[in-house]
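Structural overview for review
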Amino acid sequence: MGNRNIIEQLQQEAQAYSGIKELETISRDVGSFSSLPIQPVYTAFKQLNPQEASKLLSKSSQEQREAFRQLDLWDRDIVSVKEFEYWLETVICTKDLPLIAEFSLSEEFAVYLKSICHISTFDVEDPQYPEHNYYFLTDDTLLLIEYGEDYDYGDQLKLLLKTIYGELGVDKAYAYLFKILVDQHSNFEEESYRRKNDNLRNFGFVDYYEAIEKLTPFPSYKRIDSFIQKKLEKVFSITDLDVINQNNIIPGNFLTLHDISNDSLNKELLKVDGHASSSFFRFNFVRLFNAVVVTSNSGLGNMKVIRELNKEIYNFLNLGIEYIQSLSDKPKVALLKYFDFFQLFQIGQSLVFLEKKSLKSSFSKNDLNLADEKFLGELINKNLECWYERVPSIRIQGEVKEIKDLSTYLDFKSQVLFTNEFLPFVSLFKETYQKLLDDNLINDSYYLNYNCEDINLETILISSIVNFHFSQDPDQKKLGVSLENLKGFISVYSFNYKDFNRASFEKLQSLVSEYTKTYGLNEVTKIESFLCELLIESFTGYEFEQMEDAEYEFFGGPLILNS
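First things first, this report covers the structure right here in the doc. (Residues numbered from 1 in each chain as written. Predicted model: local features only at pLDDT ≥ 70, side-chain atom pairs only at ≥ 80, totals over all residues. Heavy atoms only, no water.)

**What about the packing of aromatic side chains?**
Overall, the coordinates contain 45 aromatic pairs when judged by the stated rule. Relative to Phe 68, the ring of Tyr 42 has its centre 5.9 Å away and its plane inclined at 40°; by these criteria the two rings are tilted. Here Phe 68 lies in helix H5 (residues 62-73) and Tyr 42 lies in helix H3 (residues 38-46), a separation of 26 residues in the sequence. Like Phe 68, Tyr 42 is buried. Among the aromatic residues, those joined into a ring-pair cluster are Phe 489, Tyr 493, Phe 539, Tyr 542, Phe 544, Tyr 552 and Phe 555. The ring centre of Tyr 388 lies 5.0 Å from the NZ or CZ of Lys 356, which sits over that ring. Its guanidinium or amino end placed over the ring of Tyr 221, Lys 413 lies 4.5 Å from that ring's centre, counting from NZ or CZ. (Phe/Tyr/Trp six-rings, centres within 6.5 Å; stacked < 30°, edge-to-face > 60°. Helix = DSSP H or I, 4+ residues; strand = E, 2+ residues; numbered from the N terminus. Buried < 20%, exposed > 50% of the residue type's maximum accessible area, 1.4 Å probe, protein only. Lys NZ or Arg CZ within 6 Å of the ring centre and 35° of its normal.)

Spelled out as structure tokens, the structure:
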């Protein structure tokens, strides 16, 4: 394998299991899928329609088919009738009596049957028929099976119950179905759900609630640091941690290849030695992937989301490692002797989560709406969009970088700190603007380039700074800039279509610094950088020397007063 780490080895192997054609090629010599990993076989089947899948179902093993049924019977802890019916239709289409019998006598079908049907005893001597046509009697005419009028599989259901009678005989079939009838529904489901979890856990699948428990972010930085220090006190034993089952692998089209050769994650993975450790972490990664998928509520059908989840996993693992290294007094220690992938991911995820949590709290305290805050303007909203993407990222001088290591995380933390400190001023700006609007002190006719409903924080700040350049009077209350002053401002700071030169930038910095001190904004971390970026983005890219006065109607910077 050379210098490939265990994840790269897993990625390379997974490419052989990308779809049904690849699986058929691999299994050609033995004629079945029984020796192949369960997850790629399951995923390949689900890419086919039931008629196509029925032609291949016999190639899977009984163990695999049980896992398929269990995977689709449950949505969290609720019976997923529609998903399970994929296998009902597939099995019926096979016309293979042993497969139909296996399906009809499975615990999963019994749970499904109890969920979609009303089963009751039937007295042939005093028959009481339903007042609808959506029912049938079992072969012994002792049980009445009712289903809903929108149920599409009445004939198939009748065939499956007939199969049960054929396999068990009349007396045992009646006893079997009667037991389903009298068993308390909740207890019946709970037992089936528990057995499903126990079975699928052996193949690397993770139940939703177990995944939530394992991946829930830490509630504070103190808890993160305490957890790390405690874990670093003792090397864990592989045998104490988790079952290892080699018969699963992530499908090749799900496991995106990433170049992590220069990442801290790769360096830690290369320290893993020995068959037991490699086997454990291979299986542990499969389980982490499945846990992240199941908590994303996206399912396995959305490839765009799957690719994003891959990035999320790698980024949080890498960030978790670098954060631990920043706290540890033993930077060269092999961290995978102390932490598994779930714990590294949880640490990295928690660092980002806690910053978002502080941001949400700040918005709430300042009566601002994080979900829809049009007043904030473009720059802050661009940052928010990056932070709240499935793969969180940051903007640095217009360049978008994923939060994947300690450096980008610290930049992210700094940006969140700025936003949190700035929001009280944003709230004050918004309150003042709303009062002017409510009192009819401003209206659309006042401005050349804005309607009142489009005015936001950025336009107010830019207008205020331009006016400050001319008056430097903290008491001036003019909400808008004259076209003459705007042209003068553009000339003084040499804004043009080409690069913004260094001398102009230093002059602009000086103005912004004086402005923030005058209005008390200088207590906000990095406010000057934000305002300079705002001004530069607003004023560069225009050929002002060639612009006619009428063209300023389409200029999106400050509020320009109608003359």
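Next, the rest of the story.
**As for empty space enclosed by the protein**
In this structure the tally under the stated criterion is 2 cavities of 30 Å³ or more. What the largest cavity holds in volume is close to 80 Å³. Along its surface, the largest cavity is lined by Leu 57, Arg 65, Phe 68, Arg 69, Trp 87, Val 91, Leu 99, Glu 102 and Phe 103. Of all the secondary-structure elements, those providing two or more residues to the lining of the largest cavity are H5, helix H6 (81-94) and helix H7 (97-104). Residue composition of the lining of the largest cavity, grouped by class: 6 nonpolar, no polar and 3 charged. One number sums up the size of the second largest cavity: a volume of about 50 Å³. Elements with a minimum of two residues in the lining of the second largest cavity: strand S4 (135-137) and helix H9 (154-168). The element that contributes the greatest number of residues to the lining of the second largest cavity is H9, accounting for 4 residues. (1 Å grid on protein atoms, 1.4 Å probe; cavity = no way out; pocket = protein on both sides within 12 Å on 5 of 7 lines; lining within 4 Å. Points joined across faces, edges and corners; volume = space filled by probe spheres on them. Nonpolar A, V, L, I, M, F, W, Y, C, P; charged D, E, K, R; others polar.)

**Comments concerning the pairing of strand S7 (residues 399-402)**
The pairing of strand S6 (residues 393-396) with S7 spans 4 bridges and is antiparallel. Bridged to Ile 394 within S7 is Lys 401. The hairpin formed by S6 and S7 contains 2 residues between the paired strands, and Gln 397 there has a positive phi angle of roughly 50°. (Pairing = 2+ DSSP bridges.)

**Considerations on the nonpolar core**
Ranked by size, the top nonpolar core spans 170 residues in total, and within it Phe 45, Phe 109, Leu 157, Phe 341, Phe 422, Phe 530 and Phe 539 carry the most contacts. Looking at which element gives the most residues to this core, the answer is helix H16 (residues 303-327), with 11 residues. For Phe 109, the contacting residues outside a window of four places in its chain are Phe 84, Leu 88, Phe 103, Ser 104, Leu 157, Leu 160, Leu 161 and Ile 164. (Core = buried A, V, L, I, M, F, W, Y, C linked by side-chain atoms within 4.5 Å. Contact = heavy atoms within 4.5 Å.)

**Digging into the sheet that holds strand S5 (residues 143-146)**
Pairing in this open sheet of 3 strands is antiparallel, and the strands run S3-S5-S4 from one edge to the other. With one partner strand each, in any of the chains shown, strand S3 (118-121) and S4 form the two edges of the open sheet. Ignoring strand direction, the axes of neighbouring strands in this sheet form an average angle of 20°. In this sheet, S5 lies alongside S3 in antiparallel orientation, the contact comprising 4 bridges. From the neighbouring strand, Ser 120 faces S5, where its bridge partner is Leu 144. (Axes fitted to C-alpha atoms, helices over the stretch in contact; angles between N-to-C directions.)

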